[in-house]
Amino acid sequence: MNVLIFEDEKHTANRLIQLLKEIDGNIHIEAVIGSIKEGIEWFRSHPMPDLIFQDIRLRDGICFELYNAVEVTAPVIFTTAYSEYAIRSFQVNSIDYIVKPYSKGDIVNALEKFKRVKLAFDPPEKKLLEEILSRNSFTPRRRFLIKNGDNYVIIKSEEIARFISEESVTTAVLFDGRNFIVDYSISDLAKQMDKTAFLQINRSCIVNIESVEKISSWFNSRLKLQLTPTSGKEVI
């Protein structure tokens, strides 16, 4: 298995390499990369690795700049000291998010998860993929026509900070603080919204990623979100 490592701290990279070799002697380390610029150049001149271990903050910026610059199809295991990027990592091919300092057991669990989901990252023939995509094209909802008293208002999706469902009533909370009732359930909205911008975090809430101000660890491996506009209830 060919593994690519993004890590700008040499001792941390060496420890990860040692752990990987201890866990699986068949692992081959393609390279250790410490910057976004170096990563872009590497991807443009090398075949895709089987797996990527990705530190988020590199010497010249945040790693998501790299994934915006080049197409990366390999699965990614994030290894970082910063928990606040957990939601954003879902926009990339993330299969796990390990917060430093991590243990050998954390790496073992991540590799086991990689083995379970590996088939999802094995692309079919290009022609077949294009055919499937053409048959199942998806256009996310860009606006809502909402009744407001005797009138109707048009709300753009990017104006919406989150959707909340309480007692079978779904409300769109806008960034400017206004609230509107929408005639859709959370499960319906999850199918309609742009998945690069909106994420269903539990059965009763969909959040716009731009509304997330802070992420904190919570009980039983869950996360607590601080949103804008602020919510009167804890968002888990």
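Here the structure is a predicted model, which is why all the values come from computation and not from measurement. (Residues numbered from 1 in each chain as written. Predicted model: local features only at pLDDT ≥ 70, side-chain atom pairs only at ≥ 80, totals over all residues. Heavy atoms only, no water.)

*Asks:* Just to check I follow, could you spell out the layout of surface pockets for this structure?
*Replies:* One simple way to see leftover space: roll a probe sized like a water molecule over the atoms. A volume near 320 Å³ is recorded for the second largest pocket. Among the elements of the structure, strand 10 (160-166) and strand 11 (169-174) are those that each provide at least two residues to the lining of the second largest pocket. No other element matches strand 10, which puts 4 residues into the lining of the second largest pocket. Tallied by class, residues from the lining of the second largest pocket come to 6 nonpolar, 6 polar and 4 charged. (1 Å grid on protein atoms, 1.4 Å probe; cavity = no way out; pocket = protein on both sides within 12 Å on 5 of 7 lines; lining within 4 Å. Points joined across faces, edges and corners; volume = space filled by probe spheres on them. Helix = DSSP H or I, 4+ residues; strand = E, 2+ residues; numbered from the N terminus. Nonpolar A, V, L, I, M, F, W, Y, C, P; charged D, E, K, R; others polar.)

*Asks:* Would you explain the pairing of strand 14 (residues 205-208) in this entry?
*Replies:* Side chains on a regular strand alternate between the two faces of the sheet. Here strand 14 shows no split at all, with Cys205 and Val207 on one side and Ile206 and Asn208 on the other all buried. Of the strand pairs in this sheet, strand 10 and strand 14 are connected by 3 bridges, and their pairing is antiparallel. What sits directly across from Phe163, in strand 14, is Ile206. Here strand 13 (residues 198-202) pairs with strand 14 via 4 bridges, running antiparallel. When the sheet's bridge partners are listed, Phe198 is paired in strand 14 with Asn208. Following strand 13, the chain reverses through 2 residues before pairing antiparallel with strand 14. (Buried < 20%, exposed > 50% of the residue type's maximum accessible area, 1.4 Å probe, protein only. Pairing = 2+ DSSP bridges.)

*Asks:* I tried to follow a nonpolar patch on the surface on my own but got confused; where do I start?
*Replies:* Taken together, the side chains of Leu145, Tyr152 and Ile154 present a nonpolar region at the surface, about 370 Å² in accessible area. Take Leu145: it is sitting in strand 8 (residues 143-148). Relative accessible area serves as the criterion here: at 61%, Leu145 is assigned to the exposed category. (Patch = residues over 30% accessible without salt bridge, like charges linked within 9 Å, V, L, I, M, F, W, Y side chains within 5 Å. Areas by Shrake-Rupley, 256 points an atom, 1.4 Å probe, with all protein chains shown as cover. Salt bridge = Lys/Arg side-chain N within 4 Å of Asp/Glu carboxyl O.)

*Asks:* For this particular structure, what's the right way to read unusual backbone geometry?
*Replies:* With an omega of -5 degrees, the peptide bond running from Lys100 to Pro101 counts as cis. In this structure, Pro229 follows Thr228 across a cis peptide bond, with omega equal to -5 degrees. By the secondary structure assignment, Pro229 is in the segment after strand 16 (223-227). Here the phi dihedral of Ser221 falls at roughly 65 degrees; this positive angle occurs in a residue that is not glycine. Tracing the backbone shows Ser221 in the loop between strand 15 (212-217) and strand 16.

*Asks:* Is there a simple way to explain the pattern of salt bridges in this structure?
*Replies:* A side chain with one charge may pair with a side chain of the opposite charge, provided their charged atoms come close. Inspection of the entire model under this criterion finds 9 salt bridges. A salt bridge links Glu7 to Lys100; the shortest N-O distance between them is 2.8 Å. Placement of the pair is Glu7 in the loop between strand 1 (2-6) and helix 1 (10-23) and Lys100 in the loop between strand 7 (94-99) and helix 5 (104-117), with a sequence separation of 93 residues. Exposure remark for Glu7: the relative accessible area of 6% places this residue in the buried category. Across the salt bridge formed by Asp176 and Arg178, the nearest N and O atoms sit 2.9 Å from each other.

*Asks:* Teacher, can you tell me more about the nonpolar core here?
*Replies:* Side chains of a nonpolar character, in soluble globular proteins, are inclined to be buried together. Counting residues in hydrophobic clusters, the biggest one holds 22 residues, and the most contacted among them are Leu4, Phe6, Phe43, Ile52, Leu66, Tyr67 and Phe78. Those elements that provide at least two residues to this core are strand 1, strand 2 (28-33), helix 2 (36-45), helix 3 (64-69) and strand 6 (76-80). Ranked by residue count, the leading element in this core is helix 2, at 4 residues. Those residues in contact with Leu66, other than ones at most four positions away along the chain, are Phe6, Ile36, Gly39, Ile40, Phe43 and Gln54. Core analysis: the second largest hydrophobic core is formed by 17 residues, Phe53, Ile95, Tyr102 and Ala110 among them. (Core = buried A, V, L, I, M, F, W, Y, C linked by side-chain atoms within 4.5 Å. Contact = heavy atoms within 4.5 Å.)

Structural measurements only, silent on function.
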